[in-house]
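# Reading the structure
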Protein chains: 2
Amino acid sequence: MTTLVPDTVAGELDAILAAADRAAPWCAALAPGARRDLCCAIADALDAAADELVPLAQRETHLAEPRLRGELARTTFQLRLLGNEVVSGRALEIVLDPADPDWPAGGRPDLRRLLVPLGPVAVFAAGNFPFAFSVAGGDTAAALAAGCPVIVKAHPGHPELSQRTAAIVRSALAAAGAAEGAFALVHGVETGRALVTDERITAGAFTGSSQGGRALADLAAARPHPIPFNAEMGSVNPVFVTPGASAARLPAIADGYVASYLLGAGQFCTKPGLLFVPEAATEPFLDAAARSVRGTDPALLLNQHIATAHAAARERLVQHPGVREVVAGSEVAPALLATSAAQLVADPGPLTEECFGPTSLVVSYANEAELDMVVRTFTGELTATVHGEADEPLAAWLVQAVGRFAGRVVWNGWPTGVAVSAAMQHGGPYPAALGAFSSVGTTSIRRFQRPVTYQSIPDELLPPELRATNPLNLQRQDGHRA
Amino acid sequence: MTTLVPDTVAGELDAILAAADRAAPWCAALAPGARRDLCCAIADALDAAADELVPLAQRETHLAEPRLRGELARTTFQLRLLGNEVVSGRALEIVLDPADPDWPAGGRPDLRRLLVPLGPVAVFAAGNFPFAFSVAGGDTAAALAAGCPVIVKAHPGHPELSQRTAAIVRSALAAAGAAEGAFALVHGVETGRALVTDERITAGAFTGSSQGGRALADLAAARPHPIPFNAEMGSVNPVFVTPGASAARLPAIADGYVASYLLGAGQFCTKPGLLFVPEAATEPFLDAAARSVRGTDPALLLNQHIATAHAAARERLVQHPGVREVVAGSEVAPALLATSAAQLVADPGPLTEECFGPTSLVVSYANEAELDMVVRTFTGELTATVHGEADEPLAAWLVQAVGRFAGRVVWNGWPTGVAVSAAMQHGGPYPAALGAFSSVGTTSIRRFQRPVTYQSIPDELLPPELRATNPLNLQRQDGHRA
């Protein structure tokens, strides 16, 4: 992978960190409306630059134009939505407890809580979504909406697009009157390590590989002052097809499965990497899926690094004695593999490893007892999907059982496609993710905030968000009534 | 300190962990009302045993009977309040996004999110609140309310009380039909380390020293599967007195200060350890405070370990060349020390170190420029207090400035006394605490939960909390309307 942009040098990084540190009080003092305006200014500027940015992204990522246009639209929608979530007040989680001398355990003073920004945030951009999870993606939108300066560590897969996006963000922020230091872009692996260990950084957000995410999280936890480090590290997103569903609509499920795991050439963290199908339906399912795979045009992967890593991961699966190739892939052509639940339960490590790219593994299960053992092999997945009939006891059991390890449970659909909204959870127990909050949707803002309670403060000295007259017209909750 | 109860041996701990692991699905499946019933059953049993528990606590902690009776009442109130927070639905943070084909970026399926329990929780009990922050304290209440089994590592300062409280909790849970393994008590430092590193533990909560909290947090972060570790590690809780306030009511502030820092013999994590007073008012303030200190009866500290540590920390302060003794303490008698803001800014490390026990330091400041430098020396405090006049610009600046490093900002009051309610934040940036949530009040439940989103699930397969008819009558939020 050619990096056209040199790594940020130490002196330059220090100046960027100093500027972010200086900008932090300015960002924190921004009213909700002003934060929204910054997010919208960036969104407007990116939308206006679509015809320049999309071809650049195409060249650097091999992704198709319609997908990239859609992704850019998602990105600017996301900026506006997160900005508006602050304006509504919902992202501030304001709770008001009026004074109550009779409150148990000694009475209660007037208590007013809201969420405030942590300070400068380090964002580690992903390679597979050059807009939505990169320089001006969800993490940047969430941090700015929270009132935090952002330093983005560029993904090396699309350096020119990153530079150009950053220039547009900087100029939009400058035109909107933002403090110097509210946003910056840096490059280089060592730069990323220096960023997450610098005392001026107060939180981190990462989307990418398990190894990369864990290494940075370990650095964040070992600092003299540890910081929260939110990492979304992917998963195999198991899909479970019940006997009822396979009897009712096997061909449609096979087509949907192939379309989902080959979306974006399989380079989604929500790609279904494993699909479980009843033994009796396995051969017809594999026939239908194989036809669908062979009918899909091969697509270049994001870059040579990804292509090589995918080929190696696929080779490890193919070499496993319990795995057979149903459709043999090449570096560009997709592959379909098959194994049995008994094999997977006997050797879950290699068979449940993520294979990032256009490969997926169909797993045949003999009975419900085997499925029960399968479900216990998973500890943390972004998603789990059930294809079933609503009146099947097995389907009801699966919906309940997979919630133990998944961040999102999907019914008769596909895990690819993560709606940016309030009820979305994109995350899951480790190793899918690290952190208590979603990395997509409006609650992603919460990653960069902390609660502060004001006790018995005269109204005129309170932040406007907490004043009696609610001058900003924010959504606020009554705690416990006096 | 005599430990009357032997350390839990490895085989016993393993059996306890296995039972907690088995109990986790049972606890998770409890309806909100059933979780509340468990919390209330424990509260009722503890209230009924007050006449047995309070004398036991007196003997082991040297705390006075009225304080201990009040603390037990707070503890049982806390159990009931947190149980009810789940019944109301508020602790589940339910958000419903109806399907919307026109939602930007590809439409939106029906999405329903709630918070689910993490699994077995390790609670590390504190020594200074033998009821409210110990075996059946806030962490245990929050974990049970969240739907998590609890294993409490007893504080060695009150072993018999811990044993007796645990027996009451176990018997109340058994009578209420709880699964074996929903609650257990263990003993020993090594046991605590084994607990936090065991793969069956999914979260930790700690109240105590910086060193202890950090050591356990480091173990939690270094596990093969890292877990959230919430630690409340105390702070010096600075108090700032403006010229206006000292002119208006210096004697009352001096009396309030002394009463607050000597409450519970200064063994509160919210004890005001530093008070800043204008130079011109310093001598009258110290005179008034010294009179008040001398008029306070000495009290035994919790145990010899605390007394020795306090004497050593006080000695380090007294030996500092910039510190003078206004009232010299003894091992039991309280002390009042004084220094200047210039000294503190020049050498903040030793002068802002927590001195747990009946000692506090009055700091004289010359002007606002000095206060500005002082404020910058703090990075993380549980609380900060301002005594001022509402129309003083300095007071307005202080309220705003101390919010940068404090979890709670108190006006014309005292930081000791932490109301158990919805708007409370008990925590703060590191080193005061680790974790994104309060350790006191209803949001403390959130430490032991994670979000799960259900996508397009048929109503009859959804958890009752998310069904269309809202059969449990829970508070739920609309996400974004279709």
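This text gives an overview of the structure that appears in the document. This one's a predicted model, so the numbers in the text were calculated from it and none came from an experiment. (Residues numbered from 1 in each chain as written. Chains lettered and ligands numbered in written order. Predicted model: local features only at pLDDT ≥ 70, side-chain atom pairs only at ≥ 80, totals over all residues. Heavy atoms only, no water.)

## What to know about the relation of the copies chain A and chain B
What relates the pair of chain copies is a rotation about an axis plus a shift along that axis. In the superposition of chain A on chain B (RMSD 0.0 Å, axial shift 0.0 Å), the rotation amounts to 180°. Considering both components of the superposition, the chain copies are consistent with a two-fold axis. Using C-alpha coordinates, one finds that chain A approaches the rotation axis most closely at Ala221 of chain A, a distance of 3.3 Å. (Least-squares fit on C-alpha atoms with pLDDT ≥ 70 in both.)

## Brief notes about the interface of chain A and chain B
Counting from both sides, the interface comprises 70 residues of chain A and, opposite them, 70 residues of chain B. Approximately 5,400 Å² of surface area, both sides summed, lies buried where chain A meets chain B, with 58% of it carried by carbon and sulfur atoms. The largest per-residue losses of area from chain A upon contact with chain B belong to Ala423, Gln455 and Leu461 of chain A, which jointly make up 11% of the total buried on that side. Along the contact surface separating chain A from chain B lie zero salt bridges. For the interface between chain A and chain B, the tally reads 48 residue pairs in polar contact (both at pLDDT 80 or more). Mapped by element, the contributors of at least two residues to the side of chain A that touches chain B are α4 (65–87), β1 (95–97), β2 (111–117), α8 (210–222), α15 (393–402), β14 (406–411), β16 (449–455) and β17 (477–478) of chain A. Residue composition of the side of chain A that touches chain B, grouped by class: 38 nonpolar, 16 polar and 16 charged. Two elements, β14 of chain A and strand β16 (residues 449–455) of chain B, share three bridges in a ladder whose sense is parallel. Across the sheet, the residue bridging to Arg408 of chain A is Thr453 of chain B, located in β16 of chain B. (Contact = heavy atoms within 4.5 Å. Buried area = accessible area lost by both parts, 1.4 Å probe. Salt bridge = Lys/Arg side-chain N within 4 Å of Asp/Glu carboxyl O. Polar contact = N/O pair within 3.5 Å; in protein donor to acceptor, adjacent residues only side chain to side chain. Helix = DSSP H or I, 4+ residues; strand = E, 2+ residues; numbered from the N terminus. Nonpolar A, V, L, I, M, F, W, Y, C, P; charged D, E, K, R; others polar. Pairing = 2+ DSSP bridges.)

## Considering the packing of aromatic side chains
Any pair of aromatic rings gets described here by the distance separating the centres and the angle formed by the planes. For the structure shown, the criterion picks out 25 aromatic pairs over all chains. Seen from their ring centres, Tyr257 of chain A and Trp414 of chain A are 6.4 Å apart, and the 35° between their planes marks the pair as tilted. A residue pair is termed long-range when its members are at least 10 positions apart, and Tyr257 of chain A in helix α9 (residues 243–261) and Trp414 of chain A in the loop between β14 and β15 (433–434) qualify at 157 residues. Residue class for Tyr257 of chain A comes out buried when judged on its relative accessible area of 0%. Geometrically, the ring pair formed by Phe124 of chain B and Phe206 of chain B is tilted, given 6.4 Å between the ring centres and 50° between the ring planes. One end of the pair, Phe124 of chain B, is in strand β3 (residues 121–124); the other, Phe206 of chain B, is in strand β6 (residues 203–207), with 82 residues separating them in the sequence. Accessibility expressed as a relative area gives 5% for Phe124 of chain B, which makes it buried. Judged by its relative accessible area of 10%, Phe206 of chain B is buried. One residue, Arg108 of chain A, lies across the ring of Trp103 of chain A, its end atom 4.4 Å from the ring centre. (Phe/Tyr/Trp six-rings, centres within 6.5 Å; stacked < 30°, edge-to-face > 60°. Buried < 20%, exposed > 50% of the residue type's maximum accessible area, 1.4 Å probe, protein only. Lys NZ or Arg CZ within 6 Å of the ring centre and 35° of its normal.)

## Here's the deal with the sheet that holds strand β10 (residues 324–327) of chain B
The eleven strands are arranged β17(A)-β1(A)-β2(A)-β16(A)-β14(B)-β13(B)-β8(B)-β9(B)-β12(B)-β11(B)-β10(B) in an open sheet whose pairing can be described as mixed. In this open sheet, the two edge strands, each paired with only one partner strand, are β17 of chain A together with β10 of chain B. Against the sheet, helix α10 (residues 279–294) of chain B engages β9 (274–278), β10, β11 (335–340) and β12 (359–365) of chain B, with an angle of about 135° to β9 of chain B. (Axes fitted to C-alpha atoms, helices over the stretch in contact; angles between N-to-C directions.)

## Observations regarding the pattern of salt bridges
The full count for this structure, using the stated rule, is 44 salt bridges over all chains. Of the charged contacts, one joins Arg164 of chain A and Glu52 of chain A as a salt bridge, the two residues approaching to 2.3 Å between their closest N and O atoms. Separated by 112 residues along the polypeptide, Arg164 of chain A in helix α6 (residues 159–175) and Glu52 of chain A in helix α3 (residues 50–61) bring together distant segments of the chain. What makes Glu52 of chain A partly exposed here is its relative accessible area of 35%. Between Arg193 of chain B and Glu190 of chain B there is a salt bridge, with the nearest N and O atoms lying 2.2 Å from each other. In this pair, Arg193 of chain B and Glu190 of chain B both sit in helix α7 (residues 189–197), three residues apart, roughly one turn of the helix. Linked by salt bridges that have partners in common, Asp14, Asp198 and Arg200 of chain A make up one network.

## Comments concerning unusual backbone geometry
That bond from Tyr430 of chain A to Pro431 of chain A is cis: its omega, 10°, falls within 30 degrees of zero. You can see Pro431 of chain A is positioned in the loop between β14 and β15. Although it is not a glycine, Ala105 of chain A adopts a positive phi angle of roughly 65°. Looking at the secondary structure, you find Ala105 of chain A in the loop between β1 and β2. Unlike most non-glycine residues, Ser456 of chain B shows phi in positive territory, near 60°.

## Considering the packing of helix α4 (residues 65–87) of chain B against helix α5 (residues 138–146) of chain B
All names here are of chain B. At a minimum axis separation of 9 Å, α4 and α5 run at an interaxial angle of 25°. One finds that α4 runs roughly parallel with respect to α5. α5 is crossed by α4, and the crossing has right-handed handedness. In this structure, α4 contributes Gln78, Leu79, Leu82, Gly83 and Val86 to the contact, and α5 contributes Gly138, Ala141, Ala142 and Ala145. (Parallel < 35°, antiparallel > 145°, perpendicular 65-115°, else oblique. Left-handed = near helix turned anticlockwise from the far one by under 90°.)

## Remarks on α8 of chain A
Across its 13 residues, α8 of chain A extends 18 Å between first and last C-alpha, which sits within 8% of the 18 Å expected from 1.5 Å per residue. Burial in α8 of chain A covers these residues: Gly213, Arg214, Leu216, Ala217 and Ala220 of chain A. End-on, the buried residues of α8 of chain A take up no more than an arc of 170°, which puts them together on one face. Those residues of α8 of chain A that are exposed and angled more than 90 degrees off the buried face are Gln211 and Ala222 of chain A. Buried residues belonging to α8 of chain A abut β3 (121–124), α7 (189–197), β6 (203–207), β7 (229–232) and β15 of chain A together with α8 (210–222) of chain B. (Expected span 1.5 Å × (residues − 1). Arc of directions from axis to C-beta.)

## Considering the sheet that holds strand β4 (residues 150–153) of chain A
All names here are of chain A. Here six strands make up an open sheet; going across it, the order is β5-β4-β3-β6-β7-β15 and the pairing mixed. The open sheet terminates on both sides in strands that have one partner only, identified here as β5 (183–186) and β15. Bridging between β7 and β15 involves two bridges; their strand directions are antiparallel. Along β15, the bridge assignment pairs Ala231 with Leu434. Each of β3, β4, β5 and β6 is contacted by helix α5 (residues 138–146), which is oriented at about 170° to β4, the strand it contacts most. Along the sheet, α8 contacts β3, β6, β7 and β15; its crossing angle with β7, the most-contacted strand, is approximately 175°.

## A short note on the packing of α3 of chain A against α4 of chain A
All names here are of chain A. Orientation of α3 relative to α4, taken along the N-to-C sense of each, is 125°, at an axis distance of 10 Å. Between α3 and α4, the angle falls in the class oblique. The two elements α3 and α4 cross, and the hand of that crossing is right-handed. Where α3 approaches α4, its residues Ala50, Asp51, Val54, Ala57, Gln58 and Thr61 are matched on the opposing element by Glu65, Leu68, Arg69 and Leu72. Considering only residue class, the contact of α3 with α4 consists of five nonpolar, two polar and three charged.

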